[in-house]
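Analysis of the macromolecular model
So the chains spell out like this:
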Amino acid sequence: MGRVRPAVIAGILVLVPALAACTAENGPTPSATSASVPATGGTMPDAPATSAPLETTQSSNKAPVYWIGRSGGNIFLYREFRDVPEQENPVTRALRAMMSEKPLDPDFFTPWQNPDKLATSISGKDIITVDVSADAFNSNLDADMAARAIQQLIYTATAAAASSGLIDTGQQVRVRILVDGHTDYVAFGKVQLGALMTRAAGLVAPVWIIDPQESTEVPAGSVKITGRSTSPGAKLRWQILQSGDGGSKAPFLTGETTAGAGQGQAGVFTLALTLPAGDYELRVAQAGSGGEPDRNEDTRSFKVR
C-alpha cells in the first residue's frame, strides 16, 4: 500500500461569499475587548477576510457546533454536526453541546464549561439572545482566545438558528449575550458583553473537511468526501493515508483540485473515491507555491467497512 495511486475523481470547489463583520451595536459601550472583531496578535497571518455563510435549512435534527482548532501556527473555527437531545430549542441544544461535550476531532477543543443555566430566544427573525450563567466562563483565557470563544458561541448560535429555519438568513443576524440576565458581564475577564454582535470575518478555517466526520464508519466502495475552502482560485492538495500495523500510515491516494469562483454558492469541494475496507486519514491543505510548504491543513480519520 506504500505506492501513491492516482486520484479517482478530483474535487469541485466553489467560492464562499464574504460576509462582513460588524462592530457591536445597540448595547453598553465596551470597556474591554470587542468580540465582534477578529482577535489580533499575529496568530492568523494567512486567514482570509471572510466569514462562513449562514447554514442552510436542513431536515436533519443534528446540531451544528463550532469548535476551536489549531492549524500550523493559526487558530480557526471548525464545525461538526452532533446528535443532541430534543428537549430544548435548536439554539439552546447546540450551545449546550458546545459547552458540555468534547469535539469528535481531537484536533479541536472548547474553553467553555457546562453551565448551570442556559436559555435562548429569537426576536424579529434576526436577533438571538443567549442568557447563560457565569459558571460557563470558568476558564483562564488570554484576550485573543477569549474573543475566539465568544465568536465560537456566536457562530454556533447563528448556525443552529439558520439550519433549523428559525431566522431570516437574508438579514445580518445578531447575537446578544446576557450573563444571569445582565448586560454588564466581562467574559473570561477580557470581553465586554451585552451589545449586539455578529460573526467576525477571518475566523473560520480556510480549509475544512465536512464529511466524513471524525471516526465515522462508511461502507466500502465509493466514498463521498465533502469540504469547503474560503480561497477562490486556490489550489488544494489532498491525500489519503491508510493505517497499517503498529499505527503506521502509508500513502494510498493523492490528488489536487482548484477552488472555483461560482457566485452565491457555499464553497464546497467533493471527492468521490473508491476505497476498500480499512482505516484511513484524509489530509487537505492549501498548496504552497514557489517551493513554499502547504498550509492550513485539515485532517480527518475515518473507517471503511
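Residues numbered from 1 in each chain as written. Predicted model: local features only at pLDDT ≥ 70, side-chain atom pairs only at ≥ 80, totals over all residues. Heavy atoms only, no water.

The protein chain carries the name Spore germination protein GerM in an unreviewed UniProt entry, which gives Pseudarthrobacter defluvii as its organism.

1. Structural notes on the overall build of the protein chain
Assigned secondary structure in the protein chain consists of 2 helices and 17 strands. Among the 305 residues that make up the protein chain, the fraction classed as buried is 50%. Considering only residue pairs separated by 6 or more positions, the protein chain has 72% of its internal contacts joining residues 24 or more positions apart. Approximately 12,900 Å² of the protein chain is accessible, and the part contributed by carbon and sulfur atoms is 50%. (Helix = DSSP H or I, 4+ residues; strand = E, 2+ residues; numbered from the N terminus. Buried < 20%, exposed > 50% of the residue type's maximum accessible area, 1.4 Å probe, protein only. Contact = heavy atoms within 4.5 Å. Areas by Shrake-Rupley, 256 points an atom, 1.4 Å probe, with all protein chains shown as cover.)

2. Digging into unusual backbone geometry
For the peptide bond that leads from Asp 211 to Pro 212, omega is 0 degrees, which places it in the cis range. With respect to the helices and strands, the residue Pro 212 is situated in the loop between strand E10 (207–211) and strand E11 (216–218). Positive phi values are uncommon outside glycine, yet Phe 188 reaches one of about 55 degrees. Exposure remark for Phe 188: the relative accessible area of 7% places this residue in the buried category. Look at Ser 215: it is not a glycine, yet its phi comes out positive at around 65 degrees.

3. Focus on helix H1 (residues 90–100)
Residues separated by three or four positions in an α-helix point in the same direction, a consequence of the helix having 3.6 residues per turn. Across the 11 residues of H1, 8 count as buried, placing the element largely inside the fold. What H1 keeps buried is the set Val 91, Thr 92, Arg 93, Ala 94, Leu 95, Ala 97, Met 98 and Met 99. Those residues of H1 hidden inside the fold are in contact with strand E1 (63–71), strand E4 (118–123), strand E5 (127–132) and helix H2 (143–163). For H1, the N-terminal capping position is held by Asn 89, with its side-chain oxygen 3.0 Å away from the main-chain nitrogen of Val 91. (Polar contact = N/O pair within 3.5 Å; in protein donor to acceptor, adjacent residues only side chain to side chain.)

4. Some points on the pattern of salt bridges
One pass over the structure, following the stated rule, counts 17 salt bridges. Between Arg 199 and Glu 55 there is a salt bridge whose closest N-O contact spans 3.0 Å. Linking Arg 199 in the loop between strand E9 (196–197) and E10 with Glu 55 in the segment before E1, this pair joins segments that are 144 residues apart in sequence. Taken as a pair, Arg 199 and Glu 55 share a single burial class, namely buried. One salt bridge connects Arg 300 with Glu 214, and the closest N-O pair in it is separated by 3.7 Å. Residue Arg 300 is found in strand E17 (residues 295–304), and its partner Glu 214 is found in the loop between E10 and E11; the two are separated by 86 residues along the sequence. Of the two residues, Arg 300 and Glu 214, neither departs from the other in class, the shared state being buried. Counted as one network, the salt bridges with shared partners bring together Asp 105, Glu 214, Asp 298 and Arg 300. (Salt bridge = Lys/Arg side-chain N within 4 Å of Asp/Glu carboxyl O.)

5. Let's talk about the packing of aromatic side chains
Per the stated rule, a full pass over the model turns up 9 aromatic pairs. Centre to centre, the rings of Phe 137 and Phe 188 are 5.2 Å apart; their planes meet at 70 degrees, and the pair counts as edge-to-face. You can see Phe 137 sitting in the loop between E5 and H2 and its partner Phe 188 sitting in the loop between strand E7 (186–187) and strand E8 (191–192), a full 51 residues away along the chain. For the residue pair Phe 137 and Phe 188, the accessibility class agrees, reading buried in each case. Pairwise contacts between aromatic rings join Trp 112, Phe 137, Tyr 185 and Phe 188 into one cluster. (Phe/Tyr/Trp six-rings, centres within 6.5 Å; stacked < 30°, edge-to-face > 60°.)

6. Some words on H2
Between its first and last C-alpha, H2 extends 30 Å over 21 residues, near the 30 Å set by a 1.5 Å rise per residue. Burial within H2 is extensive, with 19 of its 21 residues counted as buried. If you check the start of H2, you find a side-chain oxygen 3.3 Å away from the backbone N of Asp 144, and it comes from Asp 142. Positive phi shows up at Gly 165, right after H2, with a value of about 75 degrees. (Expected span 1.5 Å × (residues − 1).)

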